[in-house]
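# Observations on the three-dimensional arrangement
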Number of protein chains: 2
Amino acid sequence: MKYKLDQAQELSAQIAQAIRDGIMEGSLIVDQRLPSESDLCEQFQVSRPTVREALKRLAAQNLIRTQRGASGGAFVNRLSFEDAYGQQITTSTLLLSMNAVSFETACEARFALERACVALAAQRRTPDQLAAMRAEIHRQSQPGLSDESFCASDVAFHRALVDAAGNPVMSYQLAGAVEAIEPLMNMITFTARKREKIVELHTLIADALEAQDAETTEAVLAQLAAHTLELAREVARMRSKSG
Amino acid sequence: MKYKLDQAQELSAQIAQAIRDGIMEGSLIVDQRLPSESDLCEQFQVSRPTVREALKRLAAQNLIRTQRGASGGAFVNRLSFEDAYGQQITTSTLLLSMNAVSFETACEARFALERACVALAAQRRTPDQLAAMRAEIHRQSQPGLSDESFCASDVAFHRALVDAAGNPVMSYQLAGAVEAIEPLMNMITFTARKREKIVELHTLIADALEAQDAETTEAVLAQLAAHTLELAREVARMRSKSG
DNA sequence: GGAAAACCAATTGTCTGACAATTAGATTTT
DNA sequence: AAAATCTAATTGTCAGACAATTGGTTTTCC
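Everything quoted here is computed from the prediction, not taken from an experiment.

This paragraph deals with the overall build of chain A. For chain A, the count of helices and strands is 11 helices and 2 strands. Listing every helix and strand of chain A by position from the N terminus yields α-α-α-β-β-α-α-α-α-α-α-α-α. Over its C-alpha trace chain A gives a radius of gyration of 23 Å, far above what one expects of a compact globule, namely 18 Å for 243 residues. Considering only C-alpha atoms, chain A reaches an extent of 70 × 50 × 30 Å along its principal axes. Out of the 243 residues belonging to chain A, those deemed buried represent 52%. Of all intrachain contacts in chain A linking residues separated by at least 6 positions in sequence, the fraction that spans at least 24 positions is 70%. Approximately 11300 Å² of chain A is accessible, and the part contributed by carbon and sulfur atoms is 51%. The centroid of the 26 positive side-chain charges in chain A is displaced by 3 Å from the centroid of its 31 negative side-chain charges.

Next comes the structure, spelled out in structure tokens:
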């Protein structure tokens, strides 16, 4: 690990970057203990609060964990898929909500990426995953469901579809695309008729996956994409009339 | 914003979470100024170093930026696509390197997701993007290129392919999948013969995209995926023999 | 001898108070 | 009116202290 620090940036940012580089380049390996805070103070020639700010930056990215007590300290953390999911979703959600991304754009991305899962999902889907999808379909057909709950169930259904591809890297990559769209979807009011249509398409998807029929699944997914976009356009039309 | 704090966690983590919730839920909006550090001390009833550790956590996620001086302070940051790209790549790279993800899994994810871009890319690719792809192809055919440079150029080519879909959300989502595989690819030694094959396939992809022929592009991409996997398998065989 | 209790040392978590650096705005000077 | 200066607010950094936690060591007691 090198200890070169420029001016210009904050010290804590530079120290965090130096340690981060060490982790990414492999000179600091998983579960290895970092020097104690006082040692880091000496090595970087800064005060303890500054070192601590640097460590907190790394902790915020799940790159390290800390433990108190004798033989405590800061340890390089194994970034778990779960942690990565969470970061992915947080970042994606904020990115979409802060940058005026249109529903069309987000929706197009989501369905295009989901389509990439279908071929694999048709081969590999497990009974559990099919059951999860059917369970969400059942939830979606309950009459008294709020729009929010309907959307949440929709997201859960699509999560199951993505997971059915049996590739954890894809599940992770798509977590953001699938989950971050929920706040946008929540702006849509789903009438009983529209829900019916969505549930019908979901059912066809589950059926096609069960039959391991990738082509049909892709076709139905395309219909679902078109239908979802149409709903969004209706909402946009209503808005522009009343506004 | 609420100021309820449990015990159990560190104070700085709780404060960071409280502010993060405010941002995600929308009660703190972009460019809004947070209270000064001293104000936050009073509101949360903690000392300034603790508040600062919390703010550094948020800064590490690009959720806030800080400015010194009169009328300075911490401001809610608009998460830019560029920032999100960076976080995405960092997280993906670490996730892959720390979790013994096989080359097959990562490669499958990358090509499956890229395939999702092709249909859109064939419609929308701009002359600039085609030129970028051709430039990388040219770079890849230079004889003296190191394996690392060849891989870097390969990544750049695929980045251009993804960007050609003209959907920033997809570009962001796939940044991780495309870039994080580079360290894994770097373990492969590319002989002249193998490079020739890859360059040939890249050229076919660029040609097909220029002709706006999505089907051919998908087919060639599938060949490239198969070829890449074959290379990885050869390396694995060599390893197991010599090891 | 063995088990429980007390103690010790290392380490992180938090606090207090201070000073330096930066910057926008107000004030004064030319 | 323009330029220079001052002022106040705010973050960045430092120094030193104490509290809390935790693993290991020592002592005590049966």
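Our focus in this paragraph is the pairing of strand β2 (residues 73-76) of chain A. Residue and element names in this part refer to chain A. Bridge analysis of strand β1 (residues 64-67) against β2 gives 4 bridges, and the strand direction is antiparallel. Following the sheet pairing, Arg65 is matched in β2 by Phe75. The hairpin formed by β1 and β2 contains 5 residues between the paired strands, and Gly69 there has a positive phi angle of roughly 90 degrees.

Both copies of the chain are tied together by a single rotation about an axis and a shift running along it. After a rotation of 180 degrees and a shift along the axis of 0.1 Å, chain B superposes on chain A with an RMSD of 0.1 Å. The superposition operator between the copies reduces to a two-fold rotation axis.

Moving on, we get to empty space enclosed by the protein. The gaps of empty space that remain are located by a probe, the size of a water molecule, rolled over the atoms. Counted under the stated rule, the structure contains 5 cavities of 30 Å³ or more. Volume-wise, the largest cavity comes out at about 60 Å³. Ala84, Gln87, Gln88, Thr91 and Tyr172 of chain A together with Ala84, Gln87, Gln88, Thr91 and Tyr172 of chain B together form the lining of the largest cavity. Of all the secondary-structure elements, those providing two or more residues to the lining of the largest cavity are α4 (81-98) of chain A together with α4 (81-98) of chain B. For the lining of the largest cavity, the residue count by class is 4 nonpolar, 6 polar and no charged.

Attention shifts here to the environment of His138 of chain B. Here His138 of chain B is to be found in helix α6 (residues 127-140). Along the primary structure His138 of chain B and Met187 of chain B are separated by 49 residues, whereas in three dimensions their C-alpha atoms are 23 Å apart.

This part takes up the protein's contact with DNA strand C. Around DNA strand C, 24 residues are found, and the nearest of them are Arg68 of chain A together with Glu10, Leu11, Thr50 and Gly69 of chain B. Taken together, the sugar and phosphate atoms account for 69% of what DNA strand C places within 4 Å of the protein. At a separation of 3.2 Å, a phosphate oxygen of DNA strand C approaches a polar side-chain atom of Lys56 of chain A. Its residues assigned to classes, the surface near DNA strand C shows 6 nonpolar, 9 polar and 9 charged.

Our focus in this paragraph is the interface of chain B and chain A. Counting residues at the interface gives 52 residues for chain B, matched by 52 residues for chain A. The junction of chain B with chain A conceals about 4600 Å² of combined surface from both sides, 63% of it contributed by carbon and sulfur atoms. It is Leu95, Met98 and Gln173 of chain B in chain B that bury the most area against chain A; as a group they hold 14% of the surface buried on that side. Applying the counting rule to chain B against chain A returns 8 salt bridges. Between Glu10 of chain A and Lys56 of chain B there is a salt bridge; the shortest N-O distance is 3.4 Å. Applying the counting rule to chain B against chain A returns 22 residue pairs in polar contact (both at pLDDT 80 or more). The element best represented in the side of chain B that touches chain A is α4 of chain B, accounting for 12 residues.

Turning our eyes to something else, we now look at helix α7 (residues 147-163) of chain B. Think of an α-helix as 3.6 residues a turn; residues three or four steps apart then line up on the same face. All names here are of chain B. The first and last C-alpha atoms of α7 sit 24 Å apart over 17 residues, in line with the 24 Å expected at 1.5 Å per residue. Most of α7 sits inside the fold, with 12 of its 17 residues counted as buried. Turning to α7, its buried residues are Asp147, Phe150, Cys151, Ser153, Asp154, Val155, Phe157, His158, Arg159, Ala160, Leu161 and Val162.

The next subject is the domain arrangement of chain A. The domain architecture assigned to chain A consists of domain 1 (11-76) and domain 2 (81-242). The straight-line distance from the C-alpha centre of domain 1 of chain A to that of domain 2 of chain A is 39 Å.

If you check the shell around DNA strand D, you find 23 residues, and the closest are Glu10 and Leu11 of chain A together with Arg48, Arg52 and Arg68 of chain B. Leu11 of chain A places a main-chain nitrogen or oxygen 2.7 Å from a phosphate oxygen of DNA strand D. A distance of 3.1 Å separates a phosphate oxygen of DNA strand D from a polar atom in the side chain of Thr66 of chain B. The set of elements that each furnish at least two residues to the surface near DNA strand D consists of α3 (48-60) of chain A together with α3 (48-60) and β1 (64-67) of chain B. Here the element with the most residues in the surface near DNA strand D is α3 of chain B; it accounts for 3 residues. In terms of residue class, the surface near DNA strand D is made up of 4 nonpolar, 10 polar and 9 charged.

Right, let's talk about the packing of helix α6 (residues 127-140) of chain A against helix α10 (residues 192-210) of chain A for a bit. All names here are of chain A. Two elements in contact, α6 and α10, have axes separated by 10 Å at closest approach and are oriented at 165 degrees. The orientation of α6 relative to α10 falls into the category roughly antiparallel. As for the relative orientation of α6 and α10, their crossing is left-handed in sense. Packed against α6, whose contacting residues are Leu130, Met133, Arg134, Ile137 and Gln140, the element α10 presents Val199, His202, Thr203, Ile205, Ala206, Asp207, Leu209 and Glu210 at the interface.

Further remarks concern the pattern of salt bridges. Note that side chains of opposite charge can pair when their charged atoms are close. Tallied over the entire structure, the rule returns 38 salt bridges over all chains. A salt bridge links Glu53 of chain B to Arg52 of chain A, with the nearest nitrogen and oxygen atoms 2.7 Å apart. With Glu53 of chain B in helix α3 and Arg52 of chain A in helix α3, this pair bridges two chains. Classification of Arg52 of chain A by relative accessible area gives partly exposed; the value is 22%. Here Glu37 of chain B ties to Arg52 of chain B by a salt bridge, and the two come within 2.8 Å at their closest N and O atoms. Pair noted here: Glu37 of chain B is in helix α2 (residues 37-44) and Arg52 of chain B is in helix α3, with a separation of 15 residues, a long-range link. Each of Glu37, Arg48 and Arg52 of chain A together with Glu53 of chain B takes part in a single network of salt bridges with overlapping partners.

Scoring rules and cut-offs
- Residues numbered from 1 in each chain as written.
- Chains lettered and ligands numbered in written order.
- Predicted model: local features only at pLDDT ≥ 70, side-chain atom pairs only at ≥ 80, totals over all residues.
- Heavy atoms only, no water.
- Helix = DSSP H or I, 4+ residues; strand = E, 2+ residues; numbered from the N terminus.
- Rg over C-alpha atoms; globule rule 2.2 N^0.38 Å.
- Buried < 20%, exposed > 50% of the residue type's maximum accessible area, 1.4 Å probe, protein only.
- Contact = heavy atoms within 4.5 Å.
- Areas by Shrake-Rupley, 256 points an atom, 1.4 Å probe, with all protein chains shown as cover.
- Lys, Arg positive; Asp, Glu negative; His and termini not counted.
- Charge placed at Lys NZ, Arg CZ, Asp CG, Glu CD.
- Pairing = 2+ DSSP bridges.
- Least-squares fit on C-alpha atoms with pLDDT ≥ 70 in both.
- 1 Å grid on protein atoms, 1.4 Å probe; cavity = no way out; pocket = protein on both sides within 12 Å on 5 of 7 lines; lining within 4 Å.
- Points joined across faces, edges and corners; volume = space filled by probe spheres on them.
- Nonpolar A, V, L, I, M, F, W, Y, C, P; charged D, E, K, R; others polar.
- Near = heavy atom within 4 Å.
- Polar contact = N/O pair within 3.5 Å; in protein donor to acceptor, adjacent residues only side chain to side chain.
- Buried area = accessible area lost by both parts, 1.4 Å probe.
- Salt bridge = Lys/Arg side-chain N within 4 Å of Asp/Glu carboxyl O.
- Expected span 1.5 Å × (residues − 1).
- Domains from an automatic or database assignment.
- Axes fitted to C-alpha atoms, helices over the stretch in contact; angles between N-to-C directions.
- Parallel < 35°, antiparallel > 145°, perpendicular 65-115°, else oblique.
- Left-handed = near helix turned anticlockwise from the far one by under 90°.

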